[in-house]
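Understanding the architecture of this molecule
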Amino acid sequence: MNSKLQSRVEKVGDAVAAGNLTQLEFLALNSSLNLADGHARQELTAGQAKIIARLPDLWAEAQERTVHEIEREAQESYFHLLGQHSYPGGDGRVLSCYSSSVAMEIYARALATTTDAVALVHPTFDNIPDILTGVGLRLVPLEEDVLHGGDLPVGLLQSVGAVFVTTPNNPTGRVLSEEGLRGLAAQCAEHGVVLTLDTSFRGFDTDAHYDHYAVLEESGCRWVVIEDTGKLWPTLELKVGWLVRSANVGLPIAKVYSDILLGVSPLVLAMVRELAEDAADAGLADLHDYIAENRALLRTELAGLPDIRFVDEDTRVSVERVHVGDRYAADVWARMCEHSVYVLPCQKFHWARPAEGDRLLRIALSRSPAAIAAAARVLRSVLLDT
Ligand SMILES: Cc1ncc(COP(=O)(O)O)c(C=O)c1O
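Residues numbered from 1 in each chain as written. Predicted model: local features only at pLDDT ≥ 70, side-chain atom pairs only at ≥ 80, totals over all residues. Heavy atoms only, no water.

Some details on the overall build of the protein chain
Quick note on the threshold: Under the DSSP-based scheme used, a helix requires at least four consecutive residues in state H or I and a strand at least two consecutive residues in state E, with every element numbered from the N terminus. The globule rule is 2.2 Å times the number of residues to the power 0.38, and the radius of gyration it is compared with is taken over C-alpha atoms. We call two residues in contact whenever any of their non-hydrogen atoms come within 4.5 Å of each other. Surface exposure here means Shrake-Rupley accessible area, sampled with a 1.4 Å probe, where a residue is shielded only by the protein chains that are shown. Working convention for charge: Lys and Arg count positive, Asp and Glu count negative, and His plus the chain ends are omitted. To locate a charge, take NZ of a lysine, CZ of an arginine, CG of an aspartate or CD of a glutamate.
In terms of regular secondary structure, the protein chain is built from 15 helices and 13 strands. The C-alpha radius of gyration of the protein chain comes to 21 Å, within 12% of the 21 Å expected for a compact globule of 386 residues. For the protein chain, the spread of C-alpha atoms along the three principal axes comes to 65 × 55 × 35 Å. Considering only contacts within the protein chain whose residues lie at least 6 apart along the sequence, 75% involve residues at least 24 apart. For the protein chain, the accessible surface area stands at approximately 15500 Å², while carbon and sulfur atoms represent 52% of it. If the 34 positive side-chain charges of the protein chain are averaged to one point and the 53 negative ones to another, these points end up 5 Å apart.

Structure (structure tokens):
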């Protein structure tokens, strides 16, 4: 590498290292080729467009009926859509939040009243470690291979008050199996550790549609789950994060919730109910096909490039990781920014050891095929030139 390029790489690397992933996502927000954040930005389907055209009706409904009724219907539609039939909706253990990050902040504040340490899956989206450390919690990395490899080390469980798992994980797409969840829940019950799941990407992978709440309730462990409607449908950031907890969780979650919000707009809840019903009526299967086709398109556009690998071969979530060989992902990212194409370098996902993400890019797939194809062509030319 020549010295000019080396110096630019170092500068970009420093900039990337100093910020967080959301700061990189901000840069992309106004670009037509924003393949950075994992939010849904594809066009509405015909079924979804009909729902959006009915927003004035939903507004009227939200004014006329009680929030409680609409919230119950939205939860029922969403949780059943994704196979979560045993969710504890009947006794007020599902709290509606503006987003999954807000749910996580509430949970983190409640958790910090009883423990100072959490085992967190590694890698994962960096706002999770940022929120947890933001309330003073110390993080212990839980490597994905260890998580999926069988029982967790007893020493690890004895050293923390909670285990936090993102499933399906962002960015890797790995899903905790039913058997894996059952084993982990039993271990958490034995050690009095709060088992916490972030299932924001659940909708994309049917392997994550077994009834998690049945497994959790049966285990007797203390548990918290954060669900998220925000990754599935292109709703311009109108979304709900659901904060769900076991009856025995022993944390002041309801109190912290009330410190922060009264509730989510019933208009948004009614919209989520309608979108979930549309998804149950074939929309979800169509979405799975759409993401699979976008993934195939990206892989085809980048086929034949020397040193380039798709590291998560079987993933079904709405993001794709690309290994860029000997190149620095931060440099490829910077070169793509020059063409107004935005993706994410992966260092920050590796919150404990950022260098493990040095050669990886993450590309969002919840975009139109035209955007994926255009971005892939730029990426191809940058990779050939870097
Ligand atoms: C796994 C995971 N959880 C939570 C969030 C936060 O979502 P939001 O920005 O909608 O709060 C993200 C964002 O991409 C995420 O990937």
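Read on for the rest.
Section: the sheet that holds strand 12 (residues 344-345)
We count it as follows: The pairing criterion is simple: DSSP has to find at least two bridges between the two strands.
The strand order across the open sheet formed by 4 strands is 9-10-13-12, and the pairing between neighbours is antiparallel. The sheet is open, and its two edges are formed by strand 9 (309-310) and strand 12, each paired on a single side.

Side note on the sheet that holds strand 8 (residues 241-245)
Note: strands within a sheet are paired through backbone hydrogen bonds, in either parallel or antiparallel orientation. We count it as follows: Lines fitted to C-alpha atoms define the axes, with helix axes restricted to the stretch in contact, and inter-axis angles between N-to-C directions lie between 0 and 180 degrees.
Here we have 7 strands laid out as an open sheet, ordered 2-8-7-6-5-3-4, and mixed in their pairing. Each end of this open sheet is capped by a strand with a single partner; those strands are strand 2 (94-97) and strand 4 (138-143). The average undirected angle you get between the axes of adjacent strands in this sheet is 20°. Where strand 2 lies against strand 8, 4 bridges are found, and the strand directions are antiparallel. Of the residues in strand 8, the one forming a bridge with C97 is G241. Its contacts with the sheet put helix 5 (residues 67-81) on strand 2, strand 7 (223-228) and strand 8, and the angle it makes with strand 8 is roughly 85°.

Things to note about the packing of aromatic side chains
Put simply, the rule is: Pairing of aromatic rings covers Phe, Tyr and the six-membered ring of Trp, with a centre-to-centre limit of 6.5 Å; geometry is then stacked below 30 degrees between planes, edge-to-face above 60, and tilted otherwise. Exposure classes here rest on a 1.4 Å probe applied to the protein chains alone. A residue is buried below 20% of its type maximum, exposed above 50%, and partly exposed in between. For a ring to carry a charge above it, either NZ of a lysine or CZ of an arginine must fall within 6 Å of the ring centroid while also lying within 35 degrees of the normal to the ring plane.
Applying the stated rule across the entire model yields 9 aromatic pairs. Ring geometry for Y78 and W233: centres 6.0 Å apart, planes at 80°, overall edge-to-face. One end of the pair, Y78, is in helix 5; the other, W233, is in the loop between strand 7 and strand 8, and 155 residues separate them in sequence. Look at F201 and F204: their rings are 6.1 Å apart centre to centre, the planes differ by 35°, and that puts the pair in the tilted class. Using a relative accessible area of 4% as the deciding quantity, one classes F201 as buried. In this structure F204 comes out as buried when scored by relative accessible area, which is 3%. Taken together, the aromatic side chains of Y78, F79, Y87, Y213, W223, W233 and W242 make up a single cluster linked through ring pairs. The cationic tip of R359 hangs over the ring face of Y328; the distance from NZ or CZ to the ring centre is 4.5 Å.

Here's the deal with the nonpolar core
Heads up, the rule is: For this analysis, a nonpolar core means a set of buried residues of the types Ala, Val, Leu, Ile, Met, Phe, Trp, Tyr and Cys, connected via side-chain atoms within 4.5 Å. For the domains described, the bounds stem from an automatic or database domain assignment.
Y107, V163, L195, W242, L243 and I253 are the most contacted members of the largest nonpolar core, which totals 127 residues. No other element matches the 13 residues that helix 13 (residues 266-301) contributes to this core. Looking at which domains feed residues into this core, each of domain 1 (3-44 + 282-384) and domain 2 (46-278) gives three or more. Ignoring anything within four residues of it in the chain, the contact list for L195 reads V163, L181, L184, A185, C188, L216, C221, R222, W223 and V224.

Some details on the pattern of salt bridges
Threshold: Salt bridges are defined as contacts in which a side-chain nitrogen from Lys or Arg sits within 4 Å of a carboxyl oxygen from Asp or Glu.
Here the structure, examined in full by the defined rule, presents 28 salt bridges. For R93, the salt bridge is made with E217, and the minimal N-O distance between the two is 3.0 Å. A residue pair is termed long-range when its members are at least 10 positions apart, and R93 in the loop between helix 5 and strand 2 and E217 in helix 11 (residues 212-219) qualify at 124 residues. Since its relative accessible area comes to 34%, E217 is described here as partly exposed.

Some details on the site of the ligand
Test applied: A single heavy atom is enough: if one lies within 4 Å of a molecule or strand, its residue is considered near that molecule or strand. Residues adjacent in sequence count toward polar contacts only when both atoms are side-chain atoms; beyond that, a polar contact is any pair of N or O atoms within 3.5 Å, and within protein one must be able to donate a hydrogen and the other to accept it. Throughout, the ten residues Ala, Val, Leu, Ile, Met, Phe, Trp, Tyr, Cys and Pro are labelled nonpolar, Asp, Glu, Lys and Arg are labelled charged, and all others, Gly among them, are labelled polar.
Near the ligand, the surroundings consist of 14 residues, among which S101, N170, D198, K231 and K239 are the closest. A distance of 3.4 Å separates an oxygen atom of the ligand from a polar atom in the side chain of S99. In this structure, N170 approaches the ligand through a side-chain N or O atom, which is 2.6 Å from an oxygen atom. Across the complex, the protein chains shield 93% of the 390 Å² of accessible surface that the ligand would expose by itself. Take the shell around the ligand: its biggest share by element is 3 residues, from helix 6 (residues 100-111). Among the residues forming the shell around the ligand, the class breakdown is 3 nonpolar, 8 polar and 3 charged.

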